[in-house]
Amino acid sequence: MEIKVINSNNTAVFEITGEIDLYNSPQLRQQLTETINKGLKFILLDFSTVKYIDSSGLATLIEGLRKLNKVKGEIKLCCMNKNIRDVFEVSRLEDIFAIYNTREEALNDFKKD
Amino acid sequence: MIRIENLIKNFGTRRILDSVTLEVKKGETMVIMGGSGCGKSTLLRHMIGLIRPDSGHIYIKDKDITGMSEHDLNEVRKSYGMLFQNGALLNSLTVGQNVALPLKEHTKLGSEIINIIVKMKLELVGLTGFENLLPSEISGGMKKRVGLARAIAMDPEMVFYDEPGAGLDPITAASIDQLIMDLSNKLGITSIVVTHEMKSAFRIADRMAVLYNGKVVAVGTPDEIRESDHPYVSQFINGLTDGPVPLRRSKDEYLKSLTSGD
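Residues numbered from 1 in each chain as written. Chains lettered and ligands numbered in written order. Predicted model: local features only at pLDDT ≥ 70, side-chain atom pairs only at ≥ 80, totals over all residues. Heavy atoms only, no water.

Moving on: the overall build of chain A. Regarding its fold elements, chain A presents 4 helices and 5 strands. Radius of gyration (C-alpha) of chain A: 13 Å, near the 13 Å computed for a compact globule of 113 residues. Taken over the C-alpha atoms alone, chain A extends approximately 35 × 25 × 25 Å along its principal axes. With 113 residues in all, chain A has 50% of them scored as buried. Look at the contacts in chain A between residues 6 or more apart in sequence, and 68% of them connect residues 24 or more apart. With an accessible surface of roughly 5900 Å², chain A has 45% of that area assigned to carbon and sulfur atoms. Looking at chain A, you have 16 positive and 17 negative side-chain charges, and the mean spots of the two groups are 6 Å apart. (Helix = DSSP H or I, 4+ residues; strand = E, 2+ residues; numbered from the N terminus. Rg over C-alpha atoms; globule rule 2.2 N^0.38 Å. Buried < 20%, exposed > 50% of the residue type's maximum accessible area, 1.4 Å probe, protein only. Contact = heavy atoms within 4.5 Å. Areas by Shrake-Rupley, 256 points an atom, 1.4 Å probe, with all protein chains shown as cover. Lys, Arg positive; Asp, Glu negative; His and termini not counted. Charge placed at Lys NZ, Arg CZ, Asp CG, Glu CD.)

Pasting the structure below:
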């Protein structure tokens, strides 16, 4: 898994490539924590090139969501293929994450003051 | 996903598995059926690497596990979960701690992440909010569901089930069957289920294998098994006393066994 973080206009966009699994989800967790600790409150995860996400990946996103909720920030997800979307659906997480089809839609929907 | 080739196992002079050959395809639910002592649990124990065969091979994801070192076998074991007959929970640990156990043992995930995964798995088996109870405080069916949550904690590709409905009332057994089907349909998990319960077997199976005297005597879809003309298969699925399996041994055989000291 590779993560590229692009900061622009007070938003961090995570471009993730590969599989998010038990072995590398701690890396995603660390990147999310560092970003939130820097004071960035708006995070978009682009799933265009994510092939697979397991429960540890989902749990990492939930932890990020909890942290951002505390500081009135937002986490959004976009560009998932059907398999990834199914994982969110089966785990009943579709309603707690804002999921968008395109990066533009997601970026335009952050409720910044 | 799993390929078993000519598996032979003897316990003493008794042949328990006799040239068993069977294939389990990715994503399917394969039910292994047969009467008590037919070798089905022994076959399951071979598949999870608890017993080594006398000869033959078992390939899991194209790797032969029959000659594997314990270290390599432990790596393969991470790709599957196992639901034991009684749930096999540790009584001194809470429900949540039981589900967390494989994640703590085999991963470097932080405790907050593990706690979230535990909640997700308990939700999948319909036990949200039960994480702080002890096994002694929940019913037998709930214990099975906790065992299942633990079996899928690591997101395995395969789950082995040993008599999942044993000791449960029909409604609870049906709910366990539904969970097995949900995991298979929704998560694409390959399921291998050992059972002698007909209703359950026909409800959940994509394909079934019938074992008799250590041999696979029939493999097929539930419809194909129903229509099988093999005398034992017919006797077994219809629960008949008359057939290849005699209710009692013959009088001569009985008297001989008493007098010969065997």
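For the rest of this paragraph, the subject is the packing of aromatic side chains. Applying the stated criterion across every chain, the model contains 6 aromatic pairs over all chains. Each ring, one from A:Phe47 and one from A:Phe88, has its centre 6.2 Å from the other, and the planes form 85°; the classification is edge-to-face. With A:Phe47 in strand β3 (residues 42–53) and A:Phe88 in helix α3 (residues 82–90), the pair connects residues that are 41 residues apart, well separated along the chain. Here the two residues A:Phe47 and A:Phe88 agree in accessibility, since each one is buried. With 5.1 Å between their ring centres and 85° between their planes, B:Tyr80 and B:Phe160 make a pair best called edge-to-face. With B:Tyr80 in strand β6 (residues 80–83) and B:Phe160 in strand β7 (residues 158–162), this pair connects stretches of sequence that are 80 residues apart. Comparing B:Tyr80 with B:Phe160 shows no difference in burial state: the two are buried. Ring pairing ties together the aromatic residues A:Phe47, A:Phe88 and A:Phe97, which thus form one cluster. Above the ring of A:Phe110, the side-chain terminus of A:Lys76 is found at 5.2 Å from the ring centroid. (Phe/Tyr/Trp six-rings, centres within 6.5 Å; stacked < 30°, edge-to-face > 60°. Lys NZ or Arg CZ within 6 Å of the ring centre and 35° of its normal.)

Per the stated rule, a full pass over the model turns up 23 salt bridges over all chains. The residue A:Arg29 makes a salt bridge to A:Glu63 at a minimum N-O spacing of 2.8 Å. In this pair, A:Arg29 is assigned in helix α1 (residues 25–37) and A:Glu63 in helix α2 (residues 55–70), connecting sequence segments 34 residues apart. In this structure, the salt-bridge partner of B:Asp18 is B:Arg15, at a minimum N-O distance of 3.6 Å. The exposure class of B:Asp18 is buried, given its relative accessible area of 19%. With a relative accessible area of 41%, B:Arg15 lands in the partly exposed category. Each of A:Glu15, A:Asp46 and A:Arg103 takes part in salt bridges that share partners, so that together they form one network. (Salt bridge = Lys/Arg side-chain N within 4 Å of Asp/Glu carboxyl O.)

With that out of the way, let us pick up a nonpolar patch on the surface. All names here are of chain B. Residues Tyr254, Leu255 and Leu258 make up a contiguous nonpolar surface patch of roughly 310 Å² in combined accessible area. For Tyr254, the location among the structural elements is in helix α10 (residues 251–260). Given the relative accessible area of 46%, Tyr254 is considered partly exposed. (Patch = residues over 30% accessible without salt bridge, like charges linked within 9 Å, V, L, I, M, F, W, Y side chains within 5 Å.)

Moving on: the sheet that holds strand β4 (residues 55–60) of chain B. All names here are of chain B. Taken in spatial order, the 4 strands line up as β2-β1-β4-β5 in an open sheet, and their pairing is antiparallel. With one partner strand each, in any of the chains shown, β2 (14–24) and β5 (63–64) form the two edges of the open sheet. Two strands pair when backbone bridges link them, and strand β1 (residues 2–11) and β4 are joined in this way by 5 bridges, in the antiparallel orientation. Each residue of the ladder has a partner; that of Arg3, found in β4, is Tyr59. Packing against the sheet, helix α1 (residues 40–47) makes contact with β1, β2 and β4, and its axis sits at approximately 120° to β1. (Pairing = 2+ DSSP bridges. Axes fitted to C-alpha atoms, helices over the stretch in contact; angles between N-to-C directions.)

Residues and elements named next belong to chain B. It is the contact of helix α3 (residues 95–106) with helix α5 (residues 140–151), at a shortest axis distance of 8 Å, that shows an interaxial angle of 30°. With respect to α5, the element α3 is oriented roughly parallel. Handedness of the crossing formed by α3 with α5: right-handed. Between α3 and α5, the contacting residues are Val95, Asn98, Val99 and Pro102 on the first element and Val146, Ala149 and Arg150 on the second. Tallied by class, residues from the contact of α3 with α5 come to 5 nonpolar, 1 polar and 1 charged. (Parallel < 35°, antiparallel > 145°, perpendicular 65-115°, else oblique. Left-handed = near helix turned anticlockwise from the far one by under 90°. Nonpolar A, V, L, I, M, F, W, Y, C, P; charged D, E, K, R; others polar.)

With that out of the way, let us pick up the sheet that holds strand β3 (residues 29–33) of chain B. Residues and elements named next belong to chain B. What the 6 strands build is an open sheet, ordered β6-β7-β8-β3-β9-β10; its pairing is mixed. With one partner strand each, in any of the chains shown, β6 and β10 (215–220) form the two edges of the open sheet. Averaged over all neighbouring strand pairs, the angle between strand axes comes to 15°, with direction disregarded. Across 5 bridges, the pairing between β7 and strand β8 (residues 190–195) is parallel. What sits directly across from Val159, in β8, is Ser191. The sheet contacts of α5 involve β6 and β7, and relative to β6 the element is tilted by about 170°. The strands that helix α6 (residues 170–187) touches are β3, β7 and β8; relative to β8, the one it contacts most, it runs at about 155°.

Of all hydrophobic cores here, the largest spans 80 residues; its most connected members are A:Leu45, A:Phe47, A:Phe88, A:Phe97 and B:Met33. Excluding anything up to four places from it in sequence, A:Leu45 contacts A:Phe14, A:Ile16, A:Leu28, A:Leu61, A:Ile75, A:Lys76, A:Leu77 and A:Cys78. Grouped together as the second largest cluster of nonpolar side chains are 30 residues, B:Val20, B:Ile32, B:Ile48 and B:Ile58 included. (Core = buried A, V, L, I, M, F, W, Y, C linked by side-chain atoms within 4.5 Å.)

It is worth spelling out the side chain of B:Asp162 at this point. Position of B:Asp162 among the secondary structure elements: in strand β7. Of the side chains bearing the opposite charge, B:Arg45 lies closest to the buried B:Asp162, which forms no salt bridge; the N-O distance is 4.9 Å.

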